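Each chain is listed here by its residues.
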Amino acid sequence: MKAEIQTFKNVIRETAIYRSNTVASFLVILVPILFLLVFWNSAFDTVESIGGYSRNQLFAYYLLVVFLQDVLLIRVNYEISGDVRSGRLSSYLLRPFGYIRHCFSVFMAVSSNALLYTGFIVIPILALMSPEFFRLTPALCIGALSLLLASLISFCFGSCFGCISFWFEDISSLQTGLGIFVPILSGAFLPMSFFPGWLKGLLEVLPFRYSLSFPVEVLSGRIDTFASLNGLIIQVFWVIVGAILLMFTWSKGKRVYTAYGS
Amino acid sequence: MSYRKAISRLINLSVRQTFEHRSNLYLNLTLQVINYGFLILFIEIIFSRVNTVAGWSVDEMQLLGVVSQSSAVLYSVFFSGGISRLQESVRTGGFDYFLLKPLDAQVHCSVSRINPLGLIALIGPLIWVAFLVSQRNLHLSLPLIPVVFFILCLGVVIRYSFGLGTAVLSFLLTKVSALQSLQSALLNQSHFPISMYSGWMRTFAIYMVPVALIANSPTLILLEGGTGYYSIILLLYSVLSVVFTRYLYTTLVKKYTSASS
Amino acid sequence: MPVIFAEGISKSYRRHKRQAGIKGLVKDFFRREYETIPAVRDISFQVNKGDFIGYLGPNGAGKTTTLKLLSGILLPDSGSVKVLDEEPFQRKREFLRKIGFVMGSKSQLWWDLPAIDTFRLMQDIYDIPESDYLSRLSSLAEILNVVNLLEIPVRKLSLGERMKLETICSILHFPDIVFLDEPTIGLDLVSQEAIRQFLKWYNKEHGATILLTSHYIRDIEELCERVILINHGRITFDGTQKDLHTIYSNYVLIDIENSRGEISLEQAEKQIQIGNTCRYLIKKIDLPAVTARLDSMGSESRNLRELSFEEVLKIKMQDEG
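Along each chain, residues carry numbers from 1 onward, in the same order as the chain's sequence is written. Written order decides the labels, with chains lettered from A and ligands numbered from 1. Residue-level local features of this predicted model are given only where pLDDT is at least 70; pairs of side-chain atoms are given and counted only at 80 or more, and the full residue set underlies all totals for whole chains, interfaces and linings.

**Details of the overall build of chain A**
- Under the DSSP-based scheme used, a helix requires at least four consecutive residues in state H or I and a strand at least two consecutive residues in state E, with every element numbered from the N terminus. A count of helical and extended segments in chain A gives 12 helices and 2 strands.
- Listing every helix and strand of chain A by position from the N terminus yields α-α-β-β-α-α-α-α-α-α-α-α-α-α.
- This radius of gyration counts C-alpha atoms alone. The globule rule is 2.2 Å times how many residues there are, raised to the power 0.38. Its C-alpha radius of gyration of 19 Å places chain A within 12% of the 18 Å reference for a compact globule of 262 residues.
- The dimensions of chain A, computed from C-alpha atoms along their principal axes, are 60 × 40 × 35 Å.
- As a rule, residues whose C-beta atom has 12 or fewer other C-beta atoms within 10 Å are exposed, those with 20 or more are buried, and those in between are partly exposed; C-beta atoms are placed from the backbone. Split into buried and exposed, the 262 residues of chain A put 39% on the buried side.

Here is the structure:
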């Protein structure tokens with residue numbers, strides 16, 4: 001555990017060194033949401049409810065998205081593909097500390113850091129708007145668990161994606177695509193209930209929903225306890241699938257790794 | 001030295017470099033089309049539940065989306081590659097070579113990754129406009145298209161100024177990738193209608209960071225034949241931003257410490 | 001009239017001081033402390049046209065910073081620099097046309113394209129007439145034996161091949177002054193020799209002034225008549241190779257195995273420990289007294305020799321500025 005803890009500390013320290021970058025990272029998530037809130041505020045001028053959400057409920061949804069998006073959404077794919085392309089992976093392979101373990105430590109550190117920075121701003125606003133979030137209810141407990149599982153889903157599938165670099169020299173466009181589509185399909189810009197029926201149905205059977213939208217819906221109390229527990233089971237399923245895929249791509253990828261560029 | 005020759009050579013090399021990774025090019029274009037498709041879908045989904053937002057109909061919002069996307073494509077084709085390169089080269093020390101050439105380093109870097117092939121991404125939005133005009137009877141002031149194009153270019157100039165202004169902060173700060181993403185995220189909100197802003201948000205989005213004007217100005221001219229006030233603000237802002245960014249560059253380049261050997 | 005005139009130039013860098021522990025981390029985030037690291041301190045020297053100068057020093061001595069100050073990449077904090085009668089930092093177009101800079105660890109060739117494409121870009125930037133461009137490229141490529149590599153994408157070339165092409169790229173416009181920062185770093189022996197011969201040719205053929213930094217002694221020995229040594233940002237020596245040899249021509253080195261403990265020699269001007277061996281720098285006139293002392297102590301094997309150029313440089317590089 002010592003190596004994981006030291007990696008964790010190093011990442012936290014790095015965040016403190018690049019202060020403006022850290023603050024800007026948070027604002028990058030906040031800015032589109034802020035504009036969306038202004039947009040929705042206008043939309044609610046003529047109606048009381050849209051897609052089953054009142055004005056306050058939709059605002060709370062987006063605030064939770066801001067809070068959790070930086071924590072949950074994929075980033076580890078950039079790290080892994082960067083290490084593979086540049087040849088930096090070689091130095092990790094020589095250490096008695098698994099590379100995937102290292103990536104996981106970095107991922108947890110970055111996510112914890114993000115929780116701290118965004119929570120500092122978002123939690124007080126949420127507490128003012130919807131104090132009922134902070135009562136110890138089954139929703140809060142299940143929500144916390146679903147958050148952990150969502151981060152594991154993000155990590156496993158993100159890492160698999162990063163491992164594609166073992167076979168393709170340049171996946172920057174794919175990464176860009178992922179950066180565009182995953183937030184959309186995870187419900188970062190629109191709650192799932194707004195999507196047309198065919199898309200909603202499709203997303204029920206894919207892991208995207210369970211990496212962001214599902215924990216947000218649980219925490220905001222929009223799903224009853226039974227459906228929440230059902231969702232948890234689906235999340236566990238996706239974590240297992242993701243982990244198996246990751247083990248497979250990683251072991252295959254290591255064999256074809258050429259240490260090009262080092 | 002002929003800037004024209006050097007710049008046309010840079011464009012030539014950029015195109016050839018893009019073709020070295022053809023699959024990347026096709027993928028990028030596809031992503032742009034799909035991204036634009038999602039924007040249209042987003043608008044359709046919202047307007048399936050409301051009739052208007054801030055006084056804009058679904059067709060007008062989609063036209064605004066087209067214009068916003070076009071502005072983003074033009075910026076991406078002409079400047080975004082060069083600006084990323086500036087930031088990266090300052091970080092790695094490669095900017096030294098730009099400073100050593102008898103060609104203004106800011107100009108050299110800014111136009112070093114022009115990719116005309118990216119203009120293909122404009123086809124989708126233009127087809128959608130044709131659809132809106134022909135199938136949904138959207139009325140446009142077509143004789144004003146040259147003016148619309150000019151105003152659109154002013155928006156691109158403003159994107160360039162913000163992009164460059166953030167990139168030159170890398171002379172001072174070690175890591176500006178998130179700041180770059182922030183200014184990009186901010187200016188990418190240009191597809192929202194101007195009438196939705198009020199109070200301090202309106203002041204911010206029109207006069208401080210004119211994200212509300214970049215796409216709204218040309219769109220309003222297309223739809224209503226003109227609202228000179230916003231266009232004049234955009235013109236003034238673009239001139240001032242170019243001057244200010246140049247000043248920022250010449251001041252901050254003196255702080256360049258060049259990554260060590 | 002010197003082509004390079006540096007008078008009292010200094011340059012420092014600001015670095016943030018890391019604070020330990022969680023408290024330090026939080027404090028660091030809100031109120032950062034900085035320290036100033038001097039890279040170059042009060043450096044003065046002149047270079048005449050056609051000189052070939054080796055600019056040496058240990059890592060972090062200030063060699064690269066000096067070259068960047070002279071080429072206009074960096075602005076000095078104080079002092080005055082004139083290169084070809086211009087202030088480099090003004091970066092006037094005519095000035096930039098007359099200098100070239102080869103950086104061993106950085107590249108200006110377009111990675112995905114053949115080098116010839118970058119050369120064409122240089123032709124346009126430096127406004128080289130077509131006939132001159134073709135004849136120069138032909139002669140440079142032949143001398144460096146890279147004619148067959150011009151049409152191959154740079155990413156597919158080895159490091160040595162790339163360095164040769166980088167050198168051509170920086171010299172294609174036939175500058176009057178060339179700065180080279182470790183141009184042979186990481187190259188095999190054959191490539192190193194090729195670059196050396198090329199630089200010798202360019203200096204002789206075109207009367208170009210060349211400033212070279214390198215950690216390879218052969219580069220300095222074969223190319224540079226004059227050597228400037230820098231350490232901790234200050235010049236510790238400025239003279240010819242011969243002058244450097246002469247300073248230490250009255251000295252010898254003695255290596256003594258000291259498995260029974262360190263031997264103290266009061267006549268030794270310098271003493272360094274290398275594993276089980278202690279190396280002493282001693283004046284020749286003190287040799288009889290030293291030998292007598294060592295004999296009386298019954299010291300084990302000892303190795304006595306004149307200093308090689310490399311050893312002279314090593315000793316001089318350890319001189320504090």
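**Some words on the overall build of chain C**
- The secondary structure content of chain C amounts to 11 helices and 13 strands.
- Along the longest, intermediate and shortest principal axes, the C-alpha atoms of chain C span 75 × 55 × 45 Å.
- For chain C, the proportion of its 321 residues judged to be buried stands at 39%.
- Each residue is represented by a C-beta atom placed from its backbone, and any two residues with such atoms within 7 Å are regarded as in contact. For chain C, restricting intrachain contacts to residue pairs at least 6 apart in sequence, the fraction spanning at least 24 positions comes to 73%.

**Description of the sheet that holds strand 7 (residues 209-213) of chain C**
Residue and element names in this part refer to chain C.
- Strand pairing follows a simple DSSP-based rule, namely that at least 2 bridges must link the two strands. One open sheet accounts for 6 strands, arranged 5-6-7-3-8-9; its pairing is mixed. In this open sheet, the two edge strands, each paired with only one partner strand, are strand 5 (99-103) and strand 9 (234-240). For this sheet, the mean inter-axis angle between neighbouring strands, taken without regard to orientation, is 15 degrees.
- Where strand 3 (residues 52-56) meets strand 8 (residues 226-231), 4 bridges bridge the pair, whose relative direction is parallel. Angles run from 0 to 180 degrees between N-to-C directions of axes, and those axes are lines fitted to C-alpha atoms, restricted for helices to the stretch in contact.

**Description of the interface of chain B and chain A**
- Facing 31 residues of chain B, the contacting portion of chain A comprises 31 residues.
- The set of elements that each furnish at least two residues to the side of chain B that touches chain A consists of helix 2 (22-47) and helix 8 (177-187) of chain B.
- When residues of the side of chain B that touches chain A are assigned to their parent elements, the largest contribution, 9 residues, is made by helix 2 of chain B.
- Taken together, the residues that form the side of chain B that touches chain A break down as 20 nonpolar, 9 polar and 2 charged. Lys, Arg, Asp and Glu make up the charged group, whereas Ala, Val, Leu, Ile, Met, Phe, Trp, Tyr, Cys and Pro make up the nonpolar group; the residues left over, Gly among them, are polar.

**Digging into the sheet that holds strand 4 (residues 78-83) of chain C**
Residue and element names in this part refer to chain C.
- Sheet architecture is open: 3 strands sit in the order 2-1-4, paired in antiparallel fashion. Of all the strands in the sheet, just strand 2 (33-47) and strand 4 have a single pairing partner and so form its edges. Each adjacent strand pair in this sheet contributes to an overall mean axis angle of 30 degrees, direction not counted.
- Bridging between strand 1 (residues 4-17) and strand 2 involves 11 bridges; their strand directions are antiparallel. Pairing of Ser12 across the sheet is with Pro38, part of strand 2.

**With respect to the packing of helix 7 (residues 145-167) of chain B against helix 11 (residues 216-224) of chain B**
All names here are of chain B.
- Following both chains from N to C, one finds helix 7 and helix 11 inclined at 170 degrees, their axes separated by 8 Å at the closest point. Comparing their axes, helix 11 and helix 7 come out roughly antiparallel. In this structure, helix 7 uses Val147, Val148, Ile151 and Leu152 to contact helix 11, whose residues at the interface are Ser217, Pro218, Ile221 and Leu222. The cut-offs work like this: below 35 degrees is roughly parallel, past 145 is roughly antiparallel, 65 to 115 is roughly perpendicular, and the gaps in between are oblique.

**A closer look at the environment of Val107 of chain B**
Residues and elements named next belong to chain B.
- Along the chain, Val107 turns up in helix 5 (residues 105-110).
- With 15 C-beta atoms counted inside 10 Å, the residue Val107 sits in the partly exposed group.
- When the C-alpha positions of Val107 and Ser184 are compared, they lie 20 Å apart, and in sequence the two are 77 residues distant.

**Topic: helix 8 of chain B**
- Buried residues of helix 8 of chain B: Leu179, Gln180, Leu182, Gln183 and Leu187 of chain B, and no others. Looking straight down helix 8 of chain B, one finds its buried side chains confined to an arc of 160 degrees; they lie on one side. Along the arc lie the directions from the helix axis toward the C-beta atoms.

**A word on the packing of helix 4 (residues 76-86) of chain A against helix 6 (residues 99-129) of chain A**
All names here are of chain A.
- With their axes 10 Å apart at the nearest point, helix 4 and helix 6 run at an angle of 140 degrees to one another. In terms of crossing hand, the pair formed by helix 4 and helix 6 is right-handed. In this structure, helix 4 uses Val76, Glu79 and Ile80 to contact helix 6, whose residues at the interface are Cys103, Val106 and Phe107.
- Its residues assigned to classes, the contact of helix 4 with helix 6 comprises 5 nonpolar, no polar and 1 charged. For a crossing to be left-handed, the near helix must be turned anticlockwise from the far one by less than a right angle; the clockwise case is right-handed.

**Here's the deal with the domain arrangement of chain C**
Residues and elements named next belong to chain C.
- Note that the domain bounds were set by an automatic or database domain assignment. You can read the domains of chain C as domain 1 (4-244) and domain 2 (248-317).
- A separation of 37 Å is found between the C-alpha centroids of domain 1 and domain 2.
- Contacts between domain 1 and domain 2 engage 11 residues on the former and 6 residues on the latter.
- Only helix 8 (217-223), strand 8, strand 9 and helix 9 (241-247) provide two or more residues apiece to the side of domain 1 that touches domain 2.
- Within the side of domain 1 that touches domain 2, the residues separate by chemical class into 6 nonpolar, 4 polar and 1 charged.

**Here we look at the pairing of strand 10 (residues 251-257) of chain C**
Residues and elements named next belong to chain C.
- With 7 bridges joining them, strand 10 and strand 12 (residues 277-283) adopt antiparallel strand pairing. Along strand 12, the bridge assignment pairs Ile256 with Cys278.
- Where strand 10 meets strand 13 (residues 302-306), 5 bridges bridge the pair, whose relative direction is antiparallel. Considered in strand 13, the bridge of Val252 is made with Glu306.

**A word on helix 7 (residues 189-206) of chain C**
Residues and elements named next belong to chain C.
- Between its terminal C-alpha atoms helix 7 stretches 26 Å, which fits the 26 Å expected from 18 residues at 1.5 Å a residue.
- By the burial criterion, the buried members of helix 7 are Ser191, Gln192, Ala194, Ile195, Arg196, Leu199 and Tyr202.
- Buried residues belonging to helix 7 abut helix 6 (159-171), strand 7 and helix 8.
- Looking one or two places after helix 7, you find Gly207, whose phi comes out positive at around 60 degrees. To estimate the expected span of a helix, count its residues, drop one, and scale the result by 1.5 Å.

**Here we look at the environment of Trp200 of chain B**
All names here are of chain B.
- With respect to the helices and strands, the residue Trp200 is situated in helix 9 (residues 199-208).
- Trp200 sits in the exposed class, given 9 other C-beta atoms within 10 Å.
- Each C-alpha atom of the pair Trp200 and Leu252 lies 31 Å from the other, and the pair is 52 residues apart in sequence.

**Section: the environment of Thr258 of chain A**
Residue and element names in this part refer to chain A.
- As for its position among the elements, Thr258 is in the segment after helix 12 (225-256).
- The exposure class of Thr258 is exposed, given the 9 C-beta atoms found within 10 Å.
- Taking the C-alpha atoms as reference points, Thr258 and Leu73, separated by 185 residues in sequence, lie 29 Å from one another.

**Considering the confidence of the model for chain C**
- What pLDDT reports is the predictor's confidence in each residue, on a scale of 0 through 100. Counting all residues, the mean pLDDT for chain C is 87, and 94% of those residues have values of 70 or more.
- For this predicted complex, the interface confidence comes out at an ipTM of 0.87, alongside a pTM of 0.83.

**As for the confidence of the model for chain A**
- Confidence in the prediction of chain A, expressed as mean pLDDT, is 83, and 92% of residues score 70 or more.
- Ranking the elements of chain A by mean pLDDT puts helix 1 (residues 2-17) of chain A last, at 69, and helix 12 of chain A first, at 92.

**Let's talk about unusual backbone geometry**
Residue and element names in this part refer to chain C.
- A positive phi angle, near 50 degrees, is found at Arg91, a position not held by glycine.
- If you check the backbone angles, Asp127 has positive phi at about 55 degrees while not being a glycine.
- A residue is classified by how many C-beta atoms lie within 10 Å of it, and Asp127, with 16 of them, is partly exposed.

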